[in-house]
Amino acid sequence: MKLTIIGSGYVGLTTGACFAEIGHHVMCVDNNQKKIDSLLAGKIPIYEPGLEPIVRKNVVSKRLQFTTSTSQGVDHGEVIFIAVPTPPQDDGSVDLSFIEKVAREIAVCLDSYRVIVDKSTVPVKTGDRVSQTIRRYARPGVEFDVVSNPEFLREGSAVDDLMHPDRIVIGGNSDRALAVMQKVYEPFVAPVLITDINSAELIKHAANSFLALKISYINAISELCEIAGADVEKVAEGIGMDKRIGRSFLNAGLGYGGSCFPKDIAAFIAIADQLGKPFNLLKEVQNINARQFSRFLDSIREALWLFKEKKIAVWGLSFKPNTDDVRSSVAVNIVEALVKDGADVTVYDPKAMEKFKELPLAASVKLAESPLEAARGAEALIIATEWPEFAAIDLTELRDAMHTPLIFDGRNLLDPSAALAYGFQYRGIGRGTLPEAT
Ligand code: UGA
């Protein structure tokens, strides 16, 4: 099928590349000429495992094309996916101006039936608005349908999530459009859930909020574990063995970050408020997430007394492993807090150094080329992102490199007993009272 994706950011590019890989003829549109030029040259602006080879391969086979022209895109695709950003506003509600603009742009180009699909994460009832907007700006009598088809891809495993999804959600109010959408997804082996548009839109926010709730739940338990002298890792294992609960998203740590959860939870709270039903449970999810961060900083402060002039190493800058994305990264927030209080910070991340360098904060820290270099002479080491490379570090070399063998493991990456055996003082999250190293 001929498909068009408007917006070639994380979601749009990965979706377009995977659709092409599965056999569709895809045109990706973006208004950023520089981005399109570099994509045409086979350069991917993000680090996402497995994405570059499929972009290259499908560009060569001409199943994946790029353009800056919306009219060319609308002309090409029988289905037009909207995958533009929906950033947060100051009050947490969603800025829908990109969606609205694209709806107008599509409308003026429409000359025959198209299915217009919203893939961006949007508040419930946005589909109605998109429909009204297109109707208002399109020439009279032109036919189209609007569909909601939320994405559930995770950064770091986006290609795999797209190629092998748990489910495909298609929300539409017209049989004609639903039939077209089923054809789009025919090559994928996954259950398809057909709903109305409002339900599909709500599924996306409800799913992300539930995952965030799981994280905050285990983080709240981690606090209890610290007071009671229990190990949150064991507790998570014990809870997660119940199939009704499951072990995933029960990793206690510094809390959730990234470009989705913080924004989507705030948006869902704002949506519920607008619907006249304040979602207090989600407000507590946010509170626990913020508290987890401040508790962690407090525990470092408690050990070091003051941050001023202390040499502190931070491992990890991306908001989670397997990505170079530093947007709303808790790791970056930690670096920021340390710098603000005068610490002498050295950072290292396996993939996110380049993206980090684009932040003004980068000018206030030292950038190391390896984890050991970052740790050299440090009075404390903070593990802020759970990259596998950090778990594999030689603890003898690490101890010898540091001024003081003190580790604050914000992601429970290391085995505390191993750290203690190698002479470290180790503080994880929710790991009870550990003996001091001798
Ligand atoms: C999330 C969802 O998992 C995807 O299903 C969704 O499609 C995507 O948002 C989106 O809306 O676009 P993503 O933000 O890439 O994906 O990353 P996650 O793997 O969900 O992690 C989010 C944050 O939660 C990270 O900061 C991670 O470190 C943290 N996390 C995750 C925990 O603290 N504990 C856990 O057990 C799991």
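Counting starts from 1 at the beginning of each chain's written sequence and moves along it residue by residue. Whole-chain, interface and lining totals are the exception, using all residues; otherwise, since this is a predicted model, local features are given only for residues with pLDDT of at least 70 and side-chain atom pairs are given and counted only at 80 or more. Side-chain metrics in this entry use all non-hydrogen atoms of the structure; hydrogen atoms and water are not considered.

Caption draft 1: Here's a closer look at the packing of aromatic side chains. The criterion for an aromatic pair is that two Phe, Tyr or Trp rings (for Trp, the six-membered ring) have centres within 6.5 Å, with stacked assigned to planes under 30 degrees apart, edge-to-face to planes over 60 apart and tilted to the rest. In the structure shown here, the tally under the stated rule is 9 aromatic pairs. Between F19 and F81, the ring centres sit 5.2 Å apart and the planes meet at 45°, which makes this aromatic pair tilted. Of this pair, F19 sits in helix α1 (residues 10-21) while F81 sits in strand β4 (residues 79-82), placing them 62 residues apart in sequence. Side by side, F19 and F81 carry an identical accessibility label, which is buried. Plain terms: the ring middles of F249 and F261 are 6.2 Å apart, the flat faces sit at 55° to each other, and that makes the pair tilted. Highlighted residues: F249 in the loop between α10 (232-240) and α11 (261-274) and F261 in helix α11, separated in sequence by 12 residues. The classification of residues rests on relative accessible area computed with a 1.4 Å probe and restricted to protein chains. Under 20% of the type maximum is buried, over 50% is exposed, and intermediate values are partly exposed. F249 sits in the partly exposed class, given a relative accessible area of 26%. Assessed through its relative accessible area of 12%, F261 is described here as buried. Comment: elements are numbered from the N terminus, with helices defined as DSSP H or I runs of at least four residues and strands as E runs of at least two.

Caption draft 2: Representation of the pattern of salt bridges within the structure. Here, a salt bridge means any side-chain nitrogen of Lys or Arg that lies within 4 Å of a carboxyl oxygen of Asp or Glu. This model, assessed by the stated rule, comprises 27 salt bridges. The salt bridge involving R295 is made with E226; its shortest N-O contact spans 2.7 Å. Placement of R295 in helix α12 (residues 280-304) and of E226 in helix α9 (residues 197-228) is noted, with a sequence separation of 69 residues between them. A relative accessible area of 29% means that E226 is categorised as partly exposed. Its salt-bridge partner being R301, residue D341 comes within 2.9 Å of it at the nearest N-O pair. Taken together, the positions of D341 in the loop between α13 (330-340) and β10 (344-348) and R301 in helix α12 put the pair 40 residues apart, joining distant regions of the chain. On the basis of relative accessibility, which here comes to 31%, the residue D341 falls in the partly exposed class. Among the ionic contacts, a cluster of salt bridges with common partners joins E223, E226, R291 and R295.

Caption draft 3: Broad picture of the domain arrangement of the protein chain. An automatic or database domain assignment supplies the residue ranges for each domain. What the domain assignment reports for the protein chain is domain 1 (2-195) and domain 2 (196-438). Distance from the C-alpha centre of domain 1 to the C-alpha centre of domain 2: 32 Å. Contact criterion: two residues are considered in contact whenever any of their non-hydrogen atoms come within 4.5 Å of each other. Taken together, the contact between domain 1 and domain 2 spans 34 residues of the former and 29 residues of the latter. Around 2,500 Å² of area is buried between domain 1 and domain 2 when both sides are counted, 62% of it from carbon and sulfur atoms. For any pair of parts, buried area is found by adding up, for both, the accessible area (1.4 Å probe) each one loses once the two are put together. The largest per-residue losses of area from domain 1 upon contact with domain 2 belong to Y47, V124 and E155, which jointly make up 28% of the total buried on that side. The interface formed by domain 1 and domain 2 contains 2 salt bridges. When the shortest N-O distance is used, the salt bridge between E151 and K204 registers 3.2 Å. Residues adjacent in sequence count toward polar contacts only when both atoms are side-chain atoms; beyond that, a polar contact is any pair of N or O atoms within 3.5 Å, and within protein one must be able to donate a hydrogen and the other to accept it. Our count for the contact surface shared by domain 1 and domain 2 stands at 15 residue pairs in polar contact (both at pLDDT 80 or more). Listed by contribution, the elements that provide at least two residues to the side of domain 1 that touches domain 2 are α6 (126-137), β6 (144-148), β7 (168-172) and β8 (192-195). Per-class residue counts for the side of domain 1 that touches domain 2 are 16 nonpolar, 12 polar and 6 charged. Residues are grouped as follows: Ala, Val, Leu, Ile, Met, Phe, Trp, Tyr, Cys and Pro are nonpolar; Asp, Glu, Lys and Arg are charged; every other residue, Gly included, is polar.

Caption draft 4: Region of the structure containing the nonpolar core. V335, L338, V345, V347, F356 and I382 are the most contacted members of the largest nonpolar core, which totals 42 residues. Per element, the largest residue contribution to this core is 8 residues, and it comes from α13. Beyond its immediate sequence surroundings of up to four residues, V335 is in contact with V314, L317, V345, V347, F356, L361 and V365. Within this scheme, the nonpolar core is defined by two criteria: the residues are buried Ala, Val, Leu, Ile, Met, Phe, Trp, Tyr or Cys, and they are joined through side-chain atoms within 4.5 Å. Ranked by size, the runner-up nonpolar core spans 41 residues in total, among them M1, L3, V115 and A177.

Caption draft 5: Main features of the site of the ligand. Throughout, the term near means that a residue has one or more heavy atoms lying within 4 Å of the molecule or strand in question. What surrounds the ligand is a group of 21 residues, the closest being L153, E155, K204, N208 and N251. At 2.8 Å, a backbone N or O of L153 approaches an oxygen atom of the ligand. The side chain of N208 places a nitrogen or oxygen atom 2.7 Å from an oxygen atom of the ligand. Protein chains shield 93% of the accessible area of the ligand, which is 710 Å² for the free molecule. Where the shell around the ligand is concerned, the elements lending two or more residues are α9 and α11. Here the element with the most residues in the shell around the ligand is α9; it accounts for 4 residues. Its residues placed into classes, the shell around the ligand shows 10 nonpolar, 4 polar and 7 charged. Accessible areas in this description were obtained via Shrake-Rupley with a 1.4 Å probe; residue shielding takes into account the shown protein chains only.

Caption draft 6: Main features of the sheet that holds strand β11 (residues 366-367). Reading across from one edge, β11-β10-β9-β12-β13-β14 is the order of the 6 strands in this open sheet, with parallel pairing throughout. In this open sheet, the two strands that pair with only one neighbour each are β11 and β14 (425-427). Only strands that DSSP links by at least two bridges are regarded as paired with each other. Bridge analysis of strand β13 (residues 406-409) against β14 gives 3 bridges, and the strand direction is parallel. Of the residues in β14, the one forming a bridge with F408 is R427.

Caption draft 7: View of helix α5 (residues 97-109). Over its 13 residues, α5 extends 19 Å from the first C-alpha to the last, a length consistent with the 18 Å expected when each residue adds 1.5 Å. Of the residues making up α5, those classed as buried are I99, V102, A103, I106 and A107. With its buried residues spanning 140° around the axis, α5 presents them on a single face. On the buried face of α5, the contacting elements are β1 (2-6), α4 (70-76), β4, β5 (114-118) and α6. To estimate how far a helix should extend, the number of its residues minus one is multiplied by 1.5 Å. The arc in question is traced by the directions running from the helix axis to the C-beta atoms.

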